[in-house]
Structure formats: C-alpha cells, structure tokens
Amino acid sequence: GAIIATPEIWSHTLQEGDAWLVLASDGLWDDLKLDKVMDHLQKHKTPDAAVQAIAKAVIKKYGAKNTKPNDDLTVVAVSIAW
C-alpha cells in the first residue's frame, strides 16, 4: 500500500473494565484481527510477553505463506490496572 502521513486516530474514554491500550502500525492490523490480538493479550501475564506473542503470530503467518512481510510491524501494549 501507499505511505500516508495522516494517521488513523480513535478516541475512547477509558471505563472500568478496560484492560489494555494497544498502539500498533497497520503491519499488525492488516494481518491479525482484533479478536486474535485480544486472545494474545488475555493469554499472557505481561505486556512484553503478549507483544512478543503477537509479533510471532504475524511472522508465523508469513512463514506459512512462504513470503516476507511487506509492511513494518510496531506494537505497544499497555496493561491498565484499576
């Protein structure tokens, strides 16, 4: 795809029960759906472990297709404690 300088921005007022904030490039969202990302976040005990699992899932997906990623992959996960 083309590189654009206009970011996609969402606004959400945090509510009790919100558990994660995920900042990620389209390299993640183009390859994993939100429910798969949430599965990894809920399965791992730390944000670091969750982000590593998410990155591995994207890389594994490309390995299964025997291709290389054509996009960057940036993922930041913040655990929200109430």
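Conventions adopted
Residues numbered from 1 in each chain as written. Predicted model: local features only at pLDDT ≥ 70, side-chain atom pairs only at ≥ 80, totals over all residues. Heavy atoms only, no water. Helix = DSSP H or I, 4+ residues; strand = E, 2+ residues; numbered from the N terminus. Buried < 20%, exposed > 50% of the residue type's maximum accessible area, 1.4 Å probe, protein only. Contact = heavy atoms within 4.5 Å. Areas by Shrake-Rupley, 256 points an atom, 1.4 Å probe, with all protein chains shown as cover. pLDDT = per-residue confidence, 0-100. Lys, Arg positive; Asp, Glu negative; His and termini not counted. Salt bridge = Lys/Arg side-chain N within 4 Å of Asp/Glu carboxyl O. Patch = residues over 30% accessible without salt bridge, like charges linked within 9 Å, V, L, I, M, F, W, Y side chains within 5 Å. Core = buried A, V, L, I, M, F, W, Y, C linked by side-chain atoms within 4.5 Å.

Things to note about the overall build of the protein chain
Regarding its fold elements, the protein chain presents three helices and two strands. Within the protein chain, buried positions represent 24% of all 82 residues. In the protein chain, the share of contacts with a sequence separation of at least 24, taken over all contacts with a separation of at least 6, comes to 69%. Taken as a whole, the protein chain presents about 6,500 Å² of accessible surface, with 57% of it coming from carbon and sulfur.

Quick notes on the confidence of the model for the protein chain
Model confidence for the protein chain is summarised by a mean pLDDT of 85, while 88% of its residues fall at 70 or above. When pLDDT is averaged over each element of the protein chain, helix α2 (residues 34-43) comes out on top at 93 and helix α1 (residues 26-29) at the bottom at 84.

Things to note about the side chain of aspartate 31
Within the secondary structure layout, aspartate 31 lies in the loop between α1 and α2. Despite its burial, aspartate 31 remains without a salt bridge, the nearest opposite charge being carried by lysine 61 at 4.2 Å. Leaving out residues up to four positions away in the same chain, aspartate 31 has contacts with Val58, Lys61 and Tyr62.

A closer look at the environment of aspartate 39
Note on placement: aspartate 39 falls in helix α2. With 11 residues separating them in the primary sequence, aspartate 39 and alanine 50 have C-alpha atoms 9.3 Å apart.

Regarding a nonpolar patch on the surface
Taken together, Leu21, Leu23, Val76 and Val78 make up a surface patch of nonpolar side chains, about 310 Å² in accessible area. Listing elements by their share of the nonpolar patch, those giving two or more residues are β1 (20-24) and β2 (75-79). By the element assignment, valine 76 lies in strand β2. Of the residues examined, valine 76 reaches a relative accessible area of 40% and is grouped as partly exposed.

Let's talk about the nonpolar core
One broad rule of soluble globular proteins: the nonpolar side chains tend to lie buried together. Grouped together as the largest cluster of nonpolar side chains are 13 residues, with contacts concentrated most on Leu28, Leu32, Val37, Leu41 and Ile54. Elements represented by at least two residues in this core include exactly α2, α3 (47-65) and β2. Top contributing element to this core by residue count: α3, with six residues. Once you skip the residues sitting within four places of it in the chain, leucine 28 turns out to touch Val37, Ile54, Val58, Leu73 and Val75.

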